Amino acid sequence: MNTQHIVNEPILDYRPESPERRHLEQALETLRGGDAKVPLVIGGQRMLGARSRVLTCPHEHARALCTVGQADAQLAATAVQAALRAQPAWSAMPFNERAAIFLRAAELLAGPWRQKLNAATMAGQSKTVHQAEIDSACELIDFLRFNVVFAERLQQIQPLSVNSASNSLEYRPLEGFVYAVSPFNFTAIGGNLPCAPALMGNTVVWKPAFSASLSNYLIMELLEAAGLPPGVINFVPGDSSAVSAAVLRSADFAGLHFTGSTAVFDALWQQVARNLPEYRTYPRLVGETGGKDFVVAHASADARELAVALLRGAFEYQGQKCSAASRAYIPATLWPRVKEALLDDLATVRMGDVADFGVFMGAVIDRKAYERIMGHIDRAPAQGSTVLAGGKGDDRVGYFIEPTVIQVSDPKAITMQEEIFGPVLSVYVYPDERWHDVIELVDQTSPYALTGAVFANDRHAIAQARAGLRHAAGNFYINDKPTGAVVGQQPFGGARRSGTNDKAGSMLNLQRWVSPRTIKETWVPPMQYGYPSMGDAG
């Protein structure tokens with residue numbers, strides 16, 4: 001592959017009778033047996049684990065998808081030792097040889113592995129065909145390819161050399177191993193969290209989310225098929241607390257690559273802090289966590305464009321994106337048109353089994369999520385809010401929740417502040433003349449700062465929102481929904497309580513997985529210790 005002219009992976013559209021649709025339908029059918037096994041992979045060896053759990057489909061929870069082995073503390077410690085054993089040879093491998101493995105994995109995924117991984121993502125994580133395609137195919141392919149380009153560019157950053165000496169920077173891997181903890185909602189993130197550090201010469205212990213175990217295990221198999229040596233990435237699904245406690249006890253823990261909830265990241269950070277005196281080096285902590293992502297509209301915005309952005313931004317993948325639009329601020333003069341268009345469109349939205357390619361939404365991930373989201377919806381009227389659309393759930397077959405729009409009278413209502421992580425959009429309608437106040441309100445309402453969007457055709461309004469919301473979102477969109485960041489185009493991450501903002505899909509993230517060493521070579525060393533200033537003034 002010519003990495004100098006790399007482009008994003010094209011999105012297939014899965015039209016009826018298309019080859020990709022036929023192949024995906026076949027891949028989905030192969031998963032119906034429910035007899036798949038997901039083992040641990042430690043040092044290249046498959047292990048059953050201390051026990052096992054059955055993973056079911058969120059949209060058909062009576063249907064078993066696979067059995068997943070579970071690591072305990074002892075097996076997690078074994079994975080740490082496997083990573084440490086593999087580290088010397090892996091870090092010594094020339095960068096271009098390591099890169100070739102991930103580039104080959106990208107080509108395999110773009111070809112024969114594409115529908116296998118898409119099918120696992122659809123069945124296990126209840127993603128529609130389009131949402132799976134842009135995630136488990138395109139975004140993961142982009143991570144694998146673009147990270148190589150970013151790593152090459154990073155290594156080209158070198159210090160100045162002079163006539164008397166040569167200076168260089170060596171981009172060493174961290175001393176120890178990296179712990180990757182990945183979420184359920186994006187298969188691509190599951191792949192990137194261990195692969196980014198590994199590309200830079202680190203070895204990794206990877207704990208996937210249980211709900212994404214099947215798709216993430218297929219990534220592990222994909223990497224092995226591409227030539228990844230044993231022990232470089234060790235796959236350890238299991239109890240989060242037990243695995244993390246064992247991994248973070250190791251003196252060789254050198255870094256955490258995390259995506260998940262703010263509460264879990266806080267807990268891991270605190271564990272690291274308690275263990276800090278025992279570590280050989282100060283660990284790198286990289287995390288992308290929660291969001292309470294906003295859309296703020298100016299009176300000059302186009303009502304139809306705004307309605308479509310709200311529907312897609314809030315309800316694609318059932319609102320289970322950390323970037324999903326979950327609070328909107330709309331001027332009173334614009335609201336009637338936006339409301340009409342949004343509710344009319346929502347009335348046509350289909351929800352159901354994602355194997356039906358005509359559905360727009362699947363199910364939320366599990367019963368715990370279902371009950372949490374429905375609790376927020378059910379409590380909203382008592383807090384002075386009005387449910388305008390949706391509001392109902394049905395968990396008899398799958399964990400289905402209707403796309404729900406809540407109009408709040410209080411801009412500080414709970415549903416405007418707390419992350420719900422489901423198909424719930426809260427709307428505050430403000431007087432047009434309070435535009436400047438609303439910008440301040442958006443900035444101060446939520447502790448998060450992940451994504452946000454402004455809709456306006458007035459350039460002054462856009463500039464005002466861009467300036468006033470400078471710290472409110474790490475990814476800021478103008479006249480677009482706040483979801484859908486593309487590798488190489490919009491590096492992703494936020495600050496405040498949304499994480500460390502190390503921008504996945506960019507050179508900034510890869511820089512966190514190296515420990516540079518400065519090397520100076522002097523061509524002609526001095527033969528005397530004195531300096532000219534020490535000579536006789538006369």
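Remember, it's a predicted structure, so these values are computed and weren't measured experimentally. (Residues numbered from 1 in each chain as written. Predicted model: local features only at pLDDT ≥ 70, side-chain atom pairs only at ≥ 80, totals over all residues. Heavy atoms only, no water.)

Enquirer: Is there a simple way to think about the overall build of the chain in this case?
Expert: In terms of helices and strands, the chain carries 16 helices and 23 strands. By the compact-globule yardstick of 24 Å for 538 residues, the chain fits well, its C-alpha radius of gyration being 25 Å. The C-alpha extent of the chain, read off along each of the three principal axes, is 90 × 70 × 45 Å. Going through the 538 residues of the chain one by one, you find that 55% of them count as buried. For the chain, the accessible surface area stands at approximately 22600 Å², while carbon and sulfur atoms represent 51% of it. (Helix = DSSP H or I, 4+ residues; strand = E, 2+ residues; numbered from the N terminus. Rg over C-alpha atoms; globule rule 2.2 N^0.38 Å. Buried < 20%, exposed > 50% of the residue type's maximum accessible area, 1.4 Å probe, protein only. Areas by Shrake-Rupley, 256 points an atom, 1.4 Å probe, with all protein chains shown as cover.)

Enquirer: I'm lost on the environment of Tyr 477 in this one. Help?
Expert: Relative to the helices and strands, Tyr 477 is located in strand β21 (residues 475-478). Taking relative accessible area as the criterion, Tyr 477 reaches 9% and is therefore assigned buried. In the structure, Tyr 477 is positioned 172 residues away from Glu 305 in sequence and 13 Å away in space, judged by C-alpha atoms. Setting aside anything within four residues of it in sequence, one finds Tyr 477 in contact with Thr 451, Gly 452, Ala 453, Val 454, Pro 482, Thr 483, Gly 484 and Ala 485. (Contact = heavy atoms within 4.5 Å.)

Enquirer: What am I meant to see in the packing of aromatic side chains here?
Expert: Taken as a whole, this structure holds 11 aromatic pairs when the rule is applied. Plain terms: the ring middles of Phe 253 and Tyr 279 are 5.4 Å apart, the flat faces sit at 55 degrees to each other, and that makes the pair tilted. Of this pair, Phe 253 sits in strand β10 (residues 253-259) while Tyr 279 sits in the loop between α9 (262-275) and β11 (284-288), placing them 26 residues apart in sequence. Exposure remark for Phe 253: the relative accessible area of 0% places this residue in the buried category. For Tyr 279, a relative accessible area of 8% puts it in the buried group. Stacked on the ring of Phe 186, the Lys or Arg Lys 127 has its end atom at 4.0 Å from the ring centre. (Phe/Tyr/Trp six-rings, centres within 6.5 Å; stacked < 30°, edge-to-face > 60°. Lys NZ or Arg CZ within 6 Å of the ring centre and 35° of its normal.)

Enquirer: Help me out: how do you make sense of the nonpolar core in this one?
Expert: Inside soluble globular proteins, nonpolar side chains tend to come together where they are buried. With 77 residues, the main nonpolar core has Phe 102, Leu 228 and Ile 233 as its most contacted residues. A total of 12 residues in this core trace back to one element, the largest contributor, which is helix α5 (residues 129-155). With near-sequence residues (within four places) excluded, Ile 233 lies in contact with Val 41, Pro 194, Cys 195, Ala 198, Val 204, Trp 206, Met 220, Leu 223 and Leu 228. Residues Tyr 370, Ile 373, Ile 401 and Ile 439 belong to the second largest nonpolar core, which totals 43 residues. (Core = buried A, V, L, I, M, F, W, Y, C linked by side-chain atoms within 4.5 Å.)

Enquirer: Just checking my understanding: could you explain the domain arrangement of the chain for this structure?
Expert: How big an interface is tends to be expressed through the accessible area that disappears when the partners come together. Here the domain parsing of the chain yields domain 1 (19-289 + 499-519) and domain 2 (293-478). Just the C-alpha atoms count here: the centres of domain 1 and domain 2 sit 31 Å apart. Listed by partner, the interface residues are 25 residues for domain 1 and 31 residues for domain 2. A combined buried area of about 2200 Å² lies between domain 1 and domain 2, and 62% of that area is made up of carbon and sulfur atoms. On the domain 1 side of the contact with domain 2, His 59, His 61 and Phe 184 bury the most area, a combined 24% of that side's loss. (Domains from an automatic or database assignment. Buried area = accessible area lost by both parts, 1.4 Å probe.)

Enquirer: I'm lost on the UniProt feature "domain: Aldehyde dehydrogenase" (unreviewed entry) in the chain in this one. Help?
Expert: Feature annotation in UniProt places "domain: Aldehyde dehydrogenase" (unreviewed entry) on residues 56-506, given in this structure's numbering. Annotated as residues 56-506, this span is 41% helix and 20% strand, and its ends, taken at the C-alpha atoms, are 35 Å apart. (UniProt positions renumbered as here; feature names shortened; annotations may be inferred.)

Enquirer: Looking at this model, I keep getting lost on the pattern of salt bridges. Mind explaining?
Expert: Side chains that differ in charge, positive against negative, can pair when their charged atoms come close. According to the stated counting rule, one finds 21 salt bridges in the structure shown. Two residues, Glu 25 and Arg 21, come together in a salt bridge whose shortest N-O distance is 3.7 Å. Here Glu 25 and its partner Arg 21 are both found in helix α1 (residues 19-30), four residues apart, which amounts to about one turn of the helix. Salt bridges linked by common partners bring Glu 9, Glu 107, Arg 114, Glu 133 and Arg 145 together as one network. (Salt bridge = Lys/Arg side-chain N within 4 Å of Asp/Glu carboxyl O.)

Enquirer: What's the story with the sheet that holds strand β4 (residues 51-57) in this structure? I'm lost.
Expert: For sheets, the rule is that strands pair by backbone hydrogen bonds, running either parallel or antiparallel. An order of β1-β5-β4 is seen for the three strands of this open sheet, with the pairing classed as mixed. Each edge of the open sheet is held by one strand with a lone partner, namely β1 (36-38) and β4. Going across the sheet, the axis of each strand differs from the next one's by a mean of 35 degrees, ignoring polarity. Bridge count for β4 against strand β5 (residues 60-70) is seven bridges, and the pairing is antiparallel. Bridge assignment links Val 54 to a residue of β5, and that residue is Thr 67. Across the face of the sheet, helix α7 (residues 213-225) comes into contact with β1, β4 and β5 while running at roughly 75 degrees to β1. (Pairing = 2+ DSSP bridges. Axes fitted to C-alpha atoms, helices over the stretch in contact; angles between N-to-C directions.)

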